[in-house]
Amino acid sequence: MIKIMKNTLLLLFVIILSLSTVLAIEIYGGQPMGLFAGNPPGGLGFTDGKFKPPPHKPNAVSSTVAKDDSHYIAPLVITGDASAAWKKLDALVRAQPRTTIISAKPNYLYAEFKSAKMGFVDDVEFALDETANVIHVRSGSRLGVRDFDVNRKRIESIRSQLGK
């Protein structure tokens, strides 16, 4: 009797695990997110000229925090036509490996960047500010404390590519 109950529980566990995997794949557009994906943070977006403040942990950067904040990173400066720069940025982001575009609006872009080995996900936002001739940025890790400057290096790489 106990052996039958153990087998039944094991079968039930396998069924639940299978169904949750199928559901996760369906929710995330056909791609399982991975063990270290974490949950998307709430409150993302660009409101009143600012992004959601980064967490206290040193694993995020933002151009809309005070310059003396350790999370500060300069916005991307636009030289020339703002809409052309925005289109170039959009193409650069879409060309990055393991990137999923979550939201693409005329002046706002939100993408998830997934690490190659462990599947860690970073949430990256861009907002076009045509009056200031800049593109504001926010890039933050969902999990962990340190990111070994991955988010800062990502934005600086995009800045470099955008300037070419």
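Everything below is about the structure printed above this text.
Read on for a plain summary of the structure. Bear in mind that the values here come from a model prediction, so they are computed numbers and not experimental data. (Residues numbered from 1 in each chain as written. Predicted model: local features only at pLDDT ≥ 70, side-chain atom pairs only at ≥ 80, totals over all residues. Heavy atoms only, no water.)

Here we look at the pairing of strand β8 (residues 134-141)
Worth spelling out the cut-off: Only protein chains enter the area calculation, which uses a 1.4 Å probe; residues under 20% of their type maximum are buried, those over 50% are exposed, and those in between are partly exposed. By definition, any uninterrupted DSSP run of H or I lasting at least four residues is a helix, any uninterrupted run of E lasting at least two residues is a strand, and each is numbered from the N terminus. When DSSP locates at least two bridges between a pair of strands, those strands are taken to pair.
Counting buried positions along β8 gives eight out of eight residues, so the element sits mostly inside the fold. One ladder, built from two bridges, connects strand β4 (residues 76-77) with β8; its direction is antiparallel. The partner of L76 across the bridge, within β8, is I135. Where strand β7 (residues 121-129) meets β8, eight bridges bridge the pair, whose relative direction is antiparallel.

As for the environment of L89
Operational definition: Throughout, a residue-residue contact means that at least one pair of heavy atoms, one from each residue, lies within 4.5 Å.
Following the sequence through the fold, L89 ends up in helix α2 (residues 82-95). For L89 and L76, which are 13 residues apart along the polypeptide, the C-alpha to C-alpha distance reads 9.8 Å. Not counting the four nearest positions on each side in its chain, L89 is found in contact with L76, F126, I135, I158 and L162.

What about the layout of surface pockets?
Put simply, the rule is: Every definition here rests on a 1 Å grid over the protein atoms only: cavities are sets of points where a 1.4 Å probe fits but cannot get out, pockets are open sets enclosed by protein on both sides within 12 Å along at least five of seven lines, and lining residues have some atom within 4 Å of a point. Grid points are joined across faces, edges and corners, and a volume is the space filled by probe spheres set on the points. Only Asp, Glu, Lys and Arg are considered charged, only Ala, Val, Leu, Ile, Met, Phe, Trp, Tyr, Cys and Pro nonpolar, and every remaining residue, Gly among them, polar.
The computed volume of the largest pocket comes to approximately 350 Å³. Forming the boundary of the largest pocket are 19 residues, of which S115, F120, D122, D147 and V150 lie nearest the centre. Mapped by element, the contributors of at least two residues to the lining of the largest pocket are β6 (108-114), β7 and α3 (150-163). Per-class residue counts for the lining of the largest pocket are eight nonpolar, four polar and seven charged. One number sums up the size of the second largest pocket: a volume of about 170 Å³. Around the second largest pocket, the lining residues are V77, I78, T79, D81, A85, K88, I135, R159, L162, G163 and K164.

Let's talk about the pairing of β7
Across a regular strand the side chains alternate sides, sitting on one face of the sheet and then on the other. Of all the nine residues making up β7, eight are buried; the element is thus mostly covered by neighbouring parts of the structure. When β6 meets β7, the two strands line up antiparallel, connected through seven bridges. By the bridge assignment for β7, A111 is matched with V124. Hairpin connection, β6 to β7: the antiparallel pair is bridged by six residues, and G119 has positive phi, about 80°. In this structure, the hairpin formed by β7 and β8 is closed by a connection of four residues, where N133 is found at a positive phi of approximately 55°.

Some points on the side chain of S141
Stated formally: Whenever a nitrogen or oxygen atom comes within 3.5 Å of another N or O atom, the pair is scored as a polar contact, on the condition that within protein one atom can donate a hydrogen and the other can accept it, and that pairs from neighbouring residues in sequence are kept only if both atoms are in side chains.
Note on placement: S141 falls in strand β8. Within the structure, the side chain of S141 is placed 3.0 Å from the side chain of D122, a separation counted as a polar contact. S141 has contacts with N59, V121, D122, D147 and N151, leaving out every residue within four places of it along the chain.

A few points about the packing of aromatic side chains
Heads up, the condition is: For this analysis, a ring pair means two rings from Phe, Tyr or Trp (six-membered ring only for Trp) whose centres lie within 6.5 Å, classed as stacked if their planes differ by under 30 degrees, edge-to-face if by over 60, and tilted for the remaining angles.
By the definition in use, this model includes two aromatic pairs. On the numbers, 4.9 Å between centres and 25° between planes, the contact of F36 with F120 is stacked. Here F36, found in the loop between α1 (2-27) and β1 (46-47), pairs with F120, found in the loop between β6 and β7; they are 84 residues apart in sequence, far enough to count as distant. Residue F36 is classed as partly exposed on the basis of its relative accessible area of 28%.

Some words on the side chain of S62
For S62, the position within the fold is in strand β3 (residues 60-62). The class of S62 is buried, set by a relative accessible area of 0%.

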